Amino acid sequence: MSSTAPPPTPSASVIPLEVALIERARRGDASSFREIFRQHGPHVWRFLRDLLGAPAAADEATQETLVRAHASLTHGAPIERLLPWLLGVARNVAREHLRARSRTVPMASPVDDAEPAPAPDPEAMLAGRETGDALARALASLAEDRRAVLALRVDHDLSYDEIATVLGWTVLKVRNEIHRARRELRAALADHLNVSENANGS
């Protein structure tokens, strides 16, 4: 009776394939760069949409991220993992867009540290991409750093170490900011849902 060999674990094959893809792209292979963005572009767009709050803005920023990533890659940017690196490029693009926007549009007021009111689990909503108006407004009320750290953890499932690489933080700061972002998002979502319910009941 013949035995069936177990399938290889992802860690045994994914990283070497990724390294080979990066090296081909560095040498100017356009098809390799297109494959990089085919694999990771949707993550980049969702991350930018979470930070910028609008699909149209995410579209524009994604294109800019693609251009910058291509230039950095062909000039030998150090890369350990593609997705955290691309999200780091995207975050820099988003921060520039937000700074430009802040010169003309008032930023949302920060949420205070009061204990959050009971509300549906915002992380489950975010992970499931149930981005209704209430969740979108709640996310927009967070500071950009906290939107970023929460999206990287919940939506993109990055490890604490990978998030620290993307944001240039220590792992301890990542843990603390995720905790604060979760608390603030729950409180902000509860506020927005209460406003909506009161408006509907009036």
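Our structure's up above, just so we're on the same page.
Here we summarise the structure given alongside this text. These numbers were taken from a predicted model, which means no experiment stands behind them.

1. Observations concerning the overall build of the chain
Along the chain, the regular secondary structure elements total nine helices and zero strands. Of the regular secondary structure in the chain, the N- to C-terminal order runs α-α-α-α-α-α-α-α-α. Within the chain, the proportion of its 202 residues that are buried is 40%. Taking all contacts inside the chain whose residues are at least 6 apart in sequence as the whole, residues at least 24 apart take part in 71%. Taken as a whole, the chain presents about 11,400 Å² of accessible surface, with 54% of it coming from carbon and sulfur.

2. Quick word on the packing of helix 4 (residues 82-102) against helix 7 (residues 144-155)
At a minimum axis distance of 12 Å, the contact between helix 4 and helix 7 shows a crossing angle of 155°. The angle between helix 4 and helix 7 falls in the class roughly antiparallel. Once helix 4 is placed against helix 7, the crossing between them reads as right-handed. Residues Leu 87, Arg 91, Arg 95 and Leu 98 of helix 4 pack against Glu 144, Asp 145, Arg 147 and Leu 152 of helix 7. Here the residues of the contact of helix 4 with helix 7 sort into three nonpolar, no polar and five charged.

3. Quick notes on the packing of aromatic side chains
On inspection of all chains with the given rule, the structure shows one aromatic pair. Lying across the ring of Tyr 160, Arg 175 places its NZ or CZ 4.2 Å from the centre.

4. A word on the environment of Val 166
Looking at where Val 166 falls in the secondary structure, it is placed in helix 8 (residues 160-167). Taking the relative accessible area as the measure of exposure, Val 166 reaches 10% and is therefore buried. Residues Val 166 and Leu 86, spaced 80 residues apart in sequence, show a C-alpha to C-alpha distance of 8.5 Å. With residues up to four places along the chain from it excluded, the contact list for Val 166 reads Pro 84, Leu 87, Gly 88, Leu 152 and Leu 158.

5. Focus on helix 2 (residues 30-52)
Structural remark: α-helix, 3.6 residues per turn; residues separated by three or four positions point the same way. For helix 2, spanning 23 residues, the distance from its first C-alpha to its last is only 29 Å, which falls clearly below the expected 33 Å at 1.5 Å a residue. Along helix 2, the sharpest change in direction is near 55° and occurs at His 40; proline Pro 42 comes one to four residues later. Of the residues flanking the end of helix 2, it is Gly 53, one or two places downstream, whose phi is positive at about 85°.

6. What about the side chain of Glu 177?
Along the polypeptide, Glu 177 turns up in helix 9 (residues 171-201). Among the residues examined, Glu 177 registers a relative accessible area of 9% and is labelled buried. Separated by 2.7 Å, the side chains of Glu 177 and Arg 146 make a polar contact. Here Glu 177 is in contact with Arg 146, Val 149 and Trp 169, once residues within four sequence places are set aside.

7. Quick notes on the packing of helix 2 against helix 3 (residues 55-74)
Between two packed helices, what matters for the description is the angle formed by their axes and the separation of those axes. The contact between helix 2 and helix 3 brings their axes to 9 Å, and the two run at 135°. By the angle between their axes, helix 2 is oblique relative to helix 3. When the axes of helix 2 and helix 3 are compared, the crossing they make is right-handed. Between helix 2, through Phe 33, Ile 36, Phe 37, Val 44, Trp 45, Leu 48, Arg 49 and Leu 52, and helix 3, the contact on the second element is made entirely by Pro 55, Ala 57, Ala 58, Asp 59, Ala 61, Thr 62, Thr 65, Leu 66, Ala 69, His 70 and Leu 73. Grouping the constituent residues of the contact of helix 2 with helix 3 by class yields 14 nonpolar, three polar and two charged.

8. Section: the environment of Trp 45
By secondary structure assignment, the location of Trp 45 is in helix 2. Put simply, Trp 45 and Leu 87 are 42 residues apart on the chain and 9.4 Å apart in space, counted from C-alpha to C-alpha. Among the polar contacts listed, one links the side chain of Trp 45 to the side chain of Asp 59, at a separation of 2.6 Å.

Thresholds applied
Residues numbered from 1 in each chain as written. Predicted model: local features only at pLDDT ≥ 70, side-chain atom pairs only at ≥ 80, totals over all residues. Heavy atoms only, no water. Helix = DSSP H or I, 4+ residues; strand = E, 2+ residues; numbered from the N terminus. Buried < 20%, exposed > 50% of the residue type's maximum accessible area, 1.4 Å probe, protein only. Contact = heavy atoms within 4.5 Å. Areas by Shrake-Rupley, 256 points an atom, 1.4 Å probe, with all protein chains shown as cover. Axes fitted to C-alpha atoms, helices over the stretch in contact; angles between N-to-C directions. Parallel < 35°, antiparallel > 145°, perpendicular 65-115°, else oblique. Left-handed = near helix turned anticlockwise from the far one by under 90°. Nonpolar A, V, L, I, M, F, W, Y, C, P; charged D, E, K, R; others polar. Phe/Tyr/Trp six-rings, centres within 6.5 Å; stacked < 30°, edge-to-face > 60°. Lys NZ or Arg CZ within 6 Å of the ring centre and 35° of its normal. Expected span 1.5 Å × (residues − 1). Bend = angle between axes of the 7 residues up to and from the residue. Polar contact = N/O pair within 3.5 Å; in protein donor to acceptor, adjacent residues only side chain to side chain.

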